[in-house]
Every structure is written in C-alpha cells, then in structure tokens.
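Residue strings, one per chain:
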Amino acid sequence: MATILDGKALALKLRENIKADTKKLTEEFNKQPHLVVILVGENPASQSYVRSKERACIKAGIKSTVIIKESTVLESELIDLILSLNNDDTVHGILLQLPIPKHIDEDKVLNLITPLKDVDGFCNENVARLNKGQSALVPCTPLGITKILEEYNIDPTGKHCVIIGRSQIVGKPMASLMLKRNSTITICHSKTKNIREMTKQADILIVAIGRANMVDSTYIKPGAVVIDVGINRVDGKLTGDVDFESAKDIAAYITPVPGGVGPMTIACLLDNTLTCFKKIERN
Ligand code: GUN
C-alpha cells in the first residue's frame, strides 16, 4: 500500500503559517492583504471553488472581495474592471475564475492583470519568468504539487516526470517547475499515441486530464509517485483522474481525491496573495 500524500494536512499547516504572517503584515503596514476574485456566469463548479477561496481568505485574515458578472458581460467591461483593480492600491491580488464565456478573449484579459497582482501566475510576464527559471508568481496547483513533494522529501532530481495534460493552468507550468528541479520531463496529451507506454516509464506521474478514474495500475510503474490533479463528480462523489483503489497497491506514494492536490491549490493562492502584498507594500 502506497504512502498517502496528505495534501489536506499540509494545506492546514500552511494556512496556519499564512494566518500568522497575515496578522504580522497587517500590523506592520496597517493595511490588510486583499484578494479580489472575479466570477463570470453561473458555472456551479466555479461558484463552489470561489466560495472555498473566499472562506479560506477570511479564515487567514485576508480580505476577500468577490465580484460577480453575468455571463453576457462585455469584454470591454471586464477589461475596465481589471484596469481599475490594477490601479486600486487597496487590492493586492486579482483572480479571474476560469472558465469564462467564449465571447471573451481569455488570453487577452488575463494578460491585462498587472504582473504584481497576478496571483494565478497566468499573465505573459509571469509565464515567461517561470519558463526562464526566474522568480515569478507561479500557478497555484503546480506550486502546491511541488510543496507536497518537498514535504515528503521526494527529490525530483534525475527522475523521469511524466505529465498528462498540457493546460496553461497545470501541465505547462508543472513541466517548468519540474524541469527547474532537474527532472526529465515528458508531457502527454490527447494526441499522444500509446500514453500507457509513456506513463509506465514515470518515476513521478502527474495526471491532469479531467477524466474520472482513467489511470489505473496498468499505467503505473511499481514504486512510482502518483499525483492526481483531477476533480470529477461521479454519482455526486468527488473522484480523481486516477483509479485510487487500483493504483494504491502499485505506487509508492499517491495523492487522494479529495484531500490531495485540491486543498494545496487554495493554500497556495493565499500564499501568492501574501507574496503580492509584500512586494507591493514594501516598495
Ligand atoms: N479554474 C480552475 N482552476 C483555476 C485556477 O487555478 N485559477 C483560475 N483563475 N481559474 C481556475
């Protein structure tokens, strides 16, 4: 039986530290760190994620504002909102919850968030800095995964890391982070032939496909580290992209769903918000 990588426990520990830091910073600058989340439309999963982010901020002493826009919002209105938040010196972090409706150019609006307040690390400057190996705001899910590996003393150096999924949110930044940590990287995606042959070679397998239980023991090398980024709802139950019951007896380490990567994403969002606060206020 694999060791369970307990993201929930690590996230709670991080959040306690963040809460203490927030208190100190609020006193030092006589100003409260403030995250603004923009939610467009009524996607139930997004609504639930945004509620979780808001609750986590409040618990940590970070001010949270959620701005809700209808799914018909004009791109120009969203742009004006982002520009005004960029210039608002009471705001330290700006997050546009994805997905957004198709009539809005996602890449264009994300790139208008000032790099200083870009808690998701999605703007071009932060993406470029990460890819160059420079200090950057890093997308929360991949950042959380690196913190889990560190916590369990899993050294990526020289390991073959196979990532399934090439999204801007997870796959691509994950590859950059693991490359920086001296892994050898393979990225698989929907057009990859013989995914199983690739994943069977992985010392560290990171799965972000969005298809429930797709990866079972037949995809996994004995003794591998398996990180499951999936959050799927099957018959009302949260399920990962990895078939946990099948994988747990072949992997050496595995993240559960729920309680693995998900809680770390939120903890890293709080962490990134404090990073922005310090950079902005210490300037
Ligand atoms: N939707 C799903 N994951 C994320 C994320 O990490 N950031 C944003 N902004 N939207 C998301």
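For clarity, every value in this text was computed on a predicted model and none was experimentally measured.

A. Looking closely at the nonpolar core. With 25 residues, the main nonpolar core has Ile18, Leu35, Ile62, Leu95, Val119, Leu269 and Leu270 as its most contacted residues. Secondary-structure elements contributing two or more residues to this core are α1 (7-29), β2 (34-40), α2 (44-60), α6 (140-151) and α10 (261-281). A total of seven residues in this core trace back to one element, the largest contributor, which is α10. Once you skip the residues sitting within four places of it in the chain, Leu95 turns out to touch Leu35, Val36, Val37, Ile38, Lys53, Val119, Asp120 and Leu269.

B. Spatial organisation of the packing of aromatic side chains. Tallying each qualifying case throughout the model produces one aromatic pair. Between Phe29 and Phe277 the ring centres are 5.6 Å apart and the planes differ by 80°, which places this aromatic pair in the edge-to-face class. On the criterion of sequence distance, the pair formed by Phe29 in helix α1 and Phe277 in helix α10 is long-range, its members being 248 residues apart. For Arg196, the ring lying beneath its charged end belongs to Tyr219, and the centroid distance is 4.3 Å.

C. Summary view of the sheet that holds strand β4 (residues 93-96). An order of β3-β2-β4 is seen for the three strands of this open sheet, with the pairing classed as parallel. Two strands bound the open sheet, and with one partner strand each, they are β3 (63-69) and β4. Taking each pair of neighbouring strands and ignoring which way they run, the sheet shows an average axis angle of 15°. Taken together, the seven bridges between β2 and β3 define a ladder with parallel strand orientation. Within β3, the residue paired with Ile38 across the bridge is Ile67.

About the thresholds
Residues numbered from 1 in each chain as written. Predicted model: local features only at pLDDT ≥ 70, side-chain atom pairs only at ≥ 80, totals over all residues. Heavy atoms only, no water. Core = buried A, V, L, I, M, F, W, Y, C linked by side-chain atoms within 4.5 Å. Buried < 20%, exposed > 50% of the residue type's maximum accessible area, 1.4 Å probe, protein only. Helix = DSSP H or I, 4+ residues; strand = E, 2+ residues; numbered from the N terminus. Contact = heavy atoms within 4.5 Å. Phe/Tyr/Trp six-rings, centres within 6.5 Å; stacked < 30°, edge-to-face > 60°. Lys NZ or Arg CZ within 6 Å of the ring centre and 35° of its normal. Pairing = 2+ DSSP bridges. Axes fitted to C-alpha atoms, helices over the stretch in contact; angles between N-to-C directions.

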